[in-house]
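Residue strings, one per chain:
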Amino acid sequence: MKELEKAYEPKEYEGNIYKKWEDSGLFNPDVCIEKGITKSDADPFCIILPPPNVTGTLHIGHAVMLAIEDVMVRYHRMKGDRTLWVPGTDHAAIATQEKVERILWNEEKKTRHDLGRDVFLKKVEQFAQDSHDRIINQAKRMGTSLDWSREYYSLDDTRNLAVKTAFKKMYDEGLIYRGDRIVNWDPKMQSNVSDIEVVRKEEKAPFYYFQYGPFTIGTSRPETKFGDKYVVMHPEDARYAQYKHGDTFECEWINGKIKATIIKDDAVDPEFGSGVMTITPWHDATDFFIAERHGLEKKQVIDFQGNLLPIAEEFAGMNILDARPKIVEKLKAKGLLVRVDEEYVHSTATNSRGGGLIEPQIMKQWWVDVKKEFVMEHSEIEGIKKGETMTLQKILQHVVRAKQIEILPERFEKNYFNWVDNLLDWCLSRQLWYGHRVPAWYRGEELYVGIEAPEGEGWEQDPDTLDTWFSAGMFSFSPLGWPDENATDLQTYHPTNVLETGYDILTFWVVRMILMTTFLRGQVPFKTVYLHGLVRDEQGRKMSKSLDNIIDPLEVSDKFGTDAVRLSLMVGSTPGNDTKLSEEKIGSFRNFANKLWNISRFTLLNIEDPQKDREYPSAKTLADQWILARLSQVVKSVTEDIESYKFSPAAETLRDFTWNELADWYLEIAKIEGNKSHILNFILNTILKLWHPYMPFVTETIWQKVYGEEEILMGEKWPVMQETNTAMDTMVIMDFMLLQNLVTAVRSVRSEYGVEPGKFVSVYVSAAEKKAFLEKNSETIQKLARIEDLVIEEQLNKPENAVSCVESGLEIFVDVSGALDVEKEKERIHKEIAQVEPYITGLQKKLENQDFVSNAPEAVVTQEKEKLAVAQDKLQKLHEQLAKL
RNA sequence: GGGUUUAUAGCUCAGUUGGUUAGAGCGCUACAUUGACAUUGUAGAGGUCAGAGGUUCGAAUCCUCUUAAACCCACCA
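Note that the structure is predicted; figures quoted are calculated from it, not measured.

Visitor: Would you mind going over the protein's contact with RNA strand B with me for this structure?
Guide: Taken together, the neighbourhood of RNA strand B is formed by 56 residues, with T286, Y344, S347, N598 and W659 sitting nearest. Between a sugar or linking oxygen of RNA strand B and a side-chain N or O atom of T219, the distance comes to 3.1 Å. Within the side chain of Y344, an N or O atom sits 2.3 Å from a sugar or linking oxygen of RNA strand B. A total of 10 residues in the surface near RNA strand B trace back to one element, the largest contributor, which is helix 17 (residues 583-605). For the surface near RNA strand B, a count of residues per class yields 19 nonpolar, 20 polar and 17 charged.

Visitor: I'm lost on the pattern of salt bridges in this one. Help?
Guide: Two side chains that carry opposite charge are able to pair once their charged atoms sit near each other. In the structure shown here, the tally under the stated rule is 60 salt bridges. When the shortest N-O distance is used, the salt bridge between D228 and K225 registers 3.0 Å. The same class applies to D228 and to K225, which are both buried. Residues K671 and E668 are paired through a salt bridge, measuring 3.1 Å at the closest nitrogen-oxygen approach. Of this pair, K671 and E668 both sit in helix 19 (residues 647-673), three residues apart, roughly one helical turn. A residue is classified by how much of its surface remains accessible, and E668, at 32% relative accessible area, is partly exposed.

Visitor: Just to check I follow, could you spell out the side chain of S274 for this structure?
Guide: Its location among the elements puts S274 in the loop between strand 12 (256-264) and strand 13 (276-278). At a separation of 2.4 Å, a polar atom in the side chain of S274 contacts the main-chain carbonyl oxygen of T216. Setting aside its immediate chain neighbours within four residues, S274 contacts T216, I217, R239 and Y240.

Visitor: Would you mind showing me how to read empty space enclosed by the protein here?
Guide: Following the criterion strictly, the structure yields seven cavities of 30 Å³ or more and no others. Along its surface, the largest cavity is lined by 14 residues, and V64, H532, G533, S573 and T579 are the ones closest to its centre. Going through the elements one at a time, helix 3 (60-79) and strand 27 (526-532) are the ones with two or more residues in the lining of the largest cavity. Residue classes in the lining of the largest cavity are distributed as seven nonpolar, six polar and one charged.

Visitor: Help me understand the packing of helix 7 (residues 157-172) against helix 14 (residues 506-521) in this model?
Guide: Helix-helix packing: each pair is described by the crossing angle between the helix axes and the interaxial distance. Where helix 7 meets helix 14, the closest approach of the two axes is 11 Å, and the angle between their N-to-C directions is 75°. Relative to helix 14, the element helix 7 is oriented roughly perpendicular. Of the residues in helix 14, those touching helix 7 at A166, K169 and M170 are L515, M516, F519 and L520. For the contact of helix 7 with helix 14, the per-class residue count stands at six nonpolar, no polar and one charged.

Visitor: Honestly, unusual backbone geometry in this entry has me stumped. Any pointers?
Guide: Excluding glycine, residues mostly have negative phi values, and the peptide bonds linking residues are mostly trans. A cis amide bond, omega -5°, links L408 with the succeeding residue P409. Relative to the assigned elements, P409 resides in the loop between strand 19 (406-408) and helix 11 (412-421). Between W482 and the following residue, P483, the backbone shows a cis peptide bond with an omega angle of 15°. Mapped onto the elements, P483 comes out in the loop between helix 12 (468-472) and helix 13 (488-493). Positive phi is not limited to glycine here, since A92 has a value of about 45°. Position of A92 among the secondary structure elements: in the loop between strand 3 (88-89) and helix 4 (93-108).

Visitor: What is the right way to read the nonpolar core from this model?
Guide: As a rule of thumb, nonpolar side chains are buried together in soluble globular proteins. Formed by 136 residues in total, the largest nonpolar core has its most connected members in Y666, W691, Y694 and L774. Sequence-distant contacts of L774, that is, excluding residues within four places in its chain, are made with L738, L742, V765, A767, I781, I792 and L810. With 68 residues, the next largest nonpolar core counts L392, A440, F519 and L531 among its residues.

Parameters at a glance
The written sequence of each chain sets the order in which its residues are numbered from 1. As they are written, the chains are lettered A onward and the ligands numbered 1 onward, keeping that order. For a predicted model such as this one, the threshold for reporting local features is a pLDDT of at least 70, and the threshold for listing and counting side-chain atom pairs is 80 or more; totals across whole chains, interfaces and linings nevertheless cover every residue. Working from all heavy atoms in the structure, the side-chain values ignore hydrogens and water. Whether a residue is near a molecule or strand depends on its heavy atoms: it is near if one of them lies within 4 Å of it. In protein, a polar contact means a hydrogen-donor-capable atom and an acceptor-capable atom, both N or O and within 3.5 Å, with residues adjacent in sequence counting only if both atoms are side-chain atoms; elsewhere, any N or O pair within 3.5 Å suffices. Put simply, DSSP H or I for four residues or longer makes a helix, DSSP E for two residues or longer makes a strand, and each gets a number counted from the N terminus. Asp, Glu, Lys and Arg are counted as charged, while Ala, Val, Leu, Ile, Met, Phe, Trp, Tyr, Cys and Pro are counted as nonpolar; the rest, among them Gly, fall into the polar class. One speaks of a salt bridge when a side-chain nitrogen belonging to Lys or Arg is within 4 Å of a carboxyl oxygen belonging to Asp or Glu. Residue exposure (1.4 Å probe, protein chains only): buried if accessible area is under 20% of the type maximum, exposed if over 50%, otherwise partly exposed. Whether two residues are in contact is decided by their heavy atoms, any of which lying within 4.5 Å being enough. The rule is simple: put a 1 Å grid over the protein atoms alone, call a set of points where a 1.4 Å probe fits but cannot get out a cavity, call an open set with protein on both sides within 12 Å along at least five of seven lines a pocket, and count a residue as lining if it has an atom within 4 Å of a point. Grid points are joined across faces, edges and corners, and a volume is the space filled by probe spheres set on the points. Between N-to-C directions, angles span 0 to 180 degrees; the directions come from axes that are lines fitted to C-alpha atoms, helices contributing only their stretch in contact. Should an angle fall under 35 degrees it is called roughly parallel, over 145 degrees roughly antiparallel, and 65 to 115 degrees roughly perpendicular, with every other angle called oblique. To qualify as a nonpolar core, a set must consist of buried Ala, Val, Leu, Ile, Met, Phe, Trp, Tyr and Cys residues joined through side-chain atoms within 4.5 Å.

See the structure below:
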C-alpha cells in the first residue's frame, strides 16, 4: 500500500515537480495536441504575460499576476482548450538605463557619456541579461505553466522588426509626425519623458508678486521671466476691460526696459492671483499653448542642463535654483517686488525614474497624432468597417463603448474614458540610448523613414530611441509572430483572450495596446481586461525598501510553500481593489495545503487499487449521497466562478468544502461506515483536479504519489459536471443537515456540562416523522456524538436528569447522569425563549401586514409562514421543557 | 477643481439582481490529543453592517447628504 509522509514539505517536491512539467512539454499547446491531451480544433485560449521589466527581481505584485494568470491557464488547459501562455521580459528603456547609470555612478563615478554609447549599451545589456535570468528562475519557482519555447524579449530582432514596421506604417499613413512641441525635459537624465512618467510632488515655495508695468503678476519661478513680453488676462475680466488685446506698453523689468503686449485668453483664471500673468512659452505647457493660439514668439531661457542662457545677461550660466533668489533680490532692489507669499503650496514635476526635476522645453520630437483621420485598411472590429474614416482616438473610444473589450472591474471604464476622451498626441522619441532606435535617417534636409537604412552616402540615423510603450503596445501580436501575417500563432491565438495586469498601468499600457493593435491589425488585442489590485503590507502601506516591509515572494515560498503564497494572494482579493498581505495569512494557507495532504493521506490508506479513471460511484448511505451531491454542486460553482473571473470565491467554496464538509464530516463518517474505497477515490481524484490551478505543486505531488510517477495531473481533464437531480440533492442535503444539527446539539450539551470527551452518554430523541430516518442513521449519529444508548421515538417524555434542547424540530434529551443543574437549565431555556420570542413577534407582524402579504412575492410569504411555524413549534417545546424542570 | 474607491466581528475580508435571526478565515476562550492531520479536533464568545435622512410591504444591499481614509486626473501662472 502506498503511503504519504505525515506532513507536506513543499521544499522536497517543488523543484522536481516543476522539472517534470517542463520535461513533459505540456506548457506548449502544440505538444498537448501531439499527445492527444488537446484536440487540434479546440477553442484557443491565450494570455500574453505582461513582461516584467529587466530592472531587477520579481516582487509580490508580479507574484499576484503570475498566480492569477496561471489559474486561468491551468484551468483552460485542463478544460481542453488550446491554451497558450507566452512569457517575455521588457527592456523598460528608461527604468533600466536609469538603474545602470546609477550603478555606474555609485561604483565608478562615471556617466554614460564617459563610456560612450556602445560601451554603455554593452553594460546595460549585461545587466538586462542578468536580471532576465533571475526573473525567469523566479517565475518558474512560482509554478507558472508558461510556454518557455515561445519566450520573447521586447528588444530582440523580431520585436525590433515589428517596431520598425509599425513605425513606418504609421508614418506613411501620416499618423506619426516630427515636430517642435513642448516636452518634459529631465536635465538629469538628459531625455524627455512622457506625461505619465512625470510625478507631481507638493512643495511649499515662496510665491512672488512683481510689478509689471501697470499689472501685478505672480510667479514661483522668477528665473523663467527674462523673456516674458506678453501679459495675459481673461477676456471677460472686468477689472482689465480697459486693456485691449494687442495693446502694447513699455515697462521696467529685470534687465531694463521691455515692450510688452496684452493678450486676452480664457486659459487665465481670473480668481487666481491678480488674474494677470506673463507667459514663458518655451518652459511652460500652458503658456506654450497660449502662444500657439495667438501666434506669439517663443524664446528659450534655460538650457538643457538647467542653466540660464545669455538672455539672462548677468545671470547667464547660472543654475536656475541658484539664480532664483538673486533675481528676486535684483527686482526687489528695483522696487518691483510687491510682496511674497511664503506659505504658497504648489506641485513640482519630477521624473518618476531617477527623480530629476522636470524643465519643460520645446524640442523636435516624434509624435503620434491621435486625432488625424485615416481610412481603415482592414477591420474585424464590430462596428468599424473597412474603408471607414477613423481617428486613433475614435477607435479607442469605440471598442470599449461597444464592449468589444470588457474591462473588469467595470468601473475602470470611467478611468479609461477619462483618459481617452482627453487624449493628447503621444510623444514617441526619447533621448535615451537603451531602446529601439527611431527608424529614421537624415541627409541635410532629407528625411527617410524605413525598415533599413536608405541607399546612398551620407545618411545618418536618428540618435533617439522610442518610448518603451511603443514596443509594448504591440505585445498582443508581436510575440505571436507579427509582422508575419501568416504566422500560425498569430492566426490561431489573436485576438488574445485576457489581458491581466495591475490597474495602475491601465493608461500607460492598455490604451497603447488597443491603439496599436486596432490600427495595425484591425483587431482588438484582447477581449477582456482583468485588473488586479496592488499588494500592500498588513497596515495597508505600500511595500517599499525604506519601510522595510517588503514581502519577497520567494522568501515566503521557501518558508510556507509556493501553493500557500499563491492562495494567499488570491483568496480575499477582488479585482481592482488593493489587498493586504501578512505572513500570518500565508501561514494559514500553508496549514490548508497540509490539510489537503492529510486528507489525501487518509484517503490513500482507505482505498484499494487507486485508479484515476473510474466510473461515477454509487452511493450506499446518506453520507455518500450527501457528499456526492455537494461535490457536484462544488464542481459547478467553482467552474462557473473561474469562468467569470471570480477567483477568490472559487477558492473559498473549495476550501470550505474540502475542510468543513469533506474532512470534518465525510471522512469521520467514512471511518464509521467503512468500505468506501471507490467513492473516496473518486472524491480525491476530483478535488485534486479542482485545486490544481490554485495549488499546482501539492496537488501534482499527491497525484503522482497516488496514481504513479508517470502520471501528470496538469494534463488531466477538468471534472465534468454531473447530471444531477436538484430536488433529490436538496432533500439529501436537508436530511444530512438534520443529522449534523442533532450531532452538534448533543456535542454542545456535552461541552456545556463538561462531560469528558471520551465518555459515552445516553440520548433520547422525540423525532416525530423523522423517527425512521434517524434510526437508519443511528450508528453514525452515536459514534459522531459519543452516544451509548440512543433512543428514538416519535414522542417520548423527558427522562430524569436529562438536559433538553430543541433543534430542527427534534426534542433532544441528553442524560448527563446526575450533573443536571435545574437552575442552569432554566436560565438556558429562558435565554433561548428570549431569543425566539421577538423573532416570532417580528414574523407575526410581518405576516399581519396586508401590504407585505399583497406586495411580496408568494414564495417569500410562504417562506415567512414556514419560518413562523418552525419558530412557534420550537417555542412551544421550550415552554414544555421548562414546565417539566 | 474634477473623478474613483473603501467604511460589515479585535484583524483580513465575503455578502451576486433589495426578502438569511448578517457569514468565513485568522485571533480569542474552554476542553481534548499517541489511529490522516497540533500545520489538529470539539464547543463557544464576539457585529445598532461609519453617521443622518429618504424610497419600499421589506435596505448591509437602492437614492441624497455628512464624516473618515486611499487613489487617479487637471493648463496650481
